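# Coordinates in review
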Amino acid sequence: MIAHPKLPLTLSGLAALLALGAALTGIVHPPLYQPMTPDNLMPGTLSQDIISLAVSLALLACLRPAQHLTAALADLAGADGLPRLCLRDLCV
């Protein structure tokens, strides 16, 4: 049985928030990359930040419904932590 069923969602949310902050920083302040990144690679850093921004927003949007799914899956698990399969009146 999962001791802390909300822990993966919490860690995913934290990772999404960190990625969102890093992506916004890179988009708002591109010279941040200048000391380490050659000029010909600067468009790649901007596109990576845009994709990271979009994905982190999507992940944050998905976390709320996933909390309800985690609770439902925890209810399906038996006392031993193994999932139960119920077909009509027969539960295995």
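Residues numbered from 1 in each chain as written. Predicted model: local features only at pLDDT ≥ 70, side-chain atom pairs only at ≥ 80, totals over all residues. Heavy atoms only, no water.

### Side note on the side chain of T45
In plain terms, the rule: Helix and strand definitions follow DSSP, with helices as H or I runs of at least four residues and strands as E runs of at least two, each counted in order from the N terminus. Each residue gets one of three labels from its accessible area relative to the maximum for its type: buried under 20%, exposed over 50%, partly exposed in between, using a 1.4 Å probe on protein chains only. Under the rule applied, a polar contact is a pair of N or O atoms within 3.5 Å (in protein, one hydrogen donor and one hydrogen acceptor; residues adjacent in sequence only if both atoms are side-chain atoms). Residue contacts are defined here by distance: any two heavy atoms, one from each residue, within 4.5 Å place the two residues in contact.
In this fold, T45 is placed in helix α2 (residues 42-76). Judged by its relative accessible area of 13%, T45 is buried. At 2.6 Å, the side chain of T45 forms a polar contact with the backbone oxygen of M42. With residues near it in sequence (within four places) discarded, T45 still touches Y33 and T37.

### Observations concerning the environment of V55
Residue position: V55 is located in helix α2. You can call V55 exposed: its relative accessible area is 53%. Put simply, V55 and L20 are 35 residues apart on the chain and 8.6 Å apart in space, counted from C-alpha to C-alpha.

### What to know about a nonpolar patch on the surface
Threshold: Without a salt bridge and with relative accessible area above 30%, a residue can belong to a patch; like charges are then joined within 9 Å and nonpolar side chains (Val, Leu, Ile, Met, Phe, Trp, Tyr) within 5 Å. All accessibility values rest on the Shrake-Rupley procedure with a 1.4 Å probe; residue burial counts only the protein chains present in the view. Between Lys or Arg on one side and Asp or Glu on the other, a salt bridge is scored when a side-chain nitrogen of the former is within 4 Å of a carboxyl oxygen of the latter.
A cluster of nonpolar residues, L7, L11, L14 and L18, forms a patch on the protein surface that exposes about 400 Å² of accessible area. Residue position: L18 is located in helix α1 (residues 7-28).

### As for the confidence of the model for the chain
In plain terms, the rule: Per-residue confidence from the prediction method is given by pLDDT, with values spanning 0 to 100.
Per-chain confidence: the chain averages 79 in pLDDT, with 68% of residues scoring 70 or above. No element of the chain has a lower mean pLDDT than strand β2 (residues 90-91), at 52, and none a higher one than α1, at 92.

### Quick look at the side chain of S56
Following the sequence through the fold, S56 ends up in helix α2. When its relative accessible area of 4% is taken as the criterion, S56 is described as buried. Setting aside residues up to four positions removed in sequence, S56 forms contacts with A16, A19 and L20.

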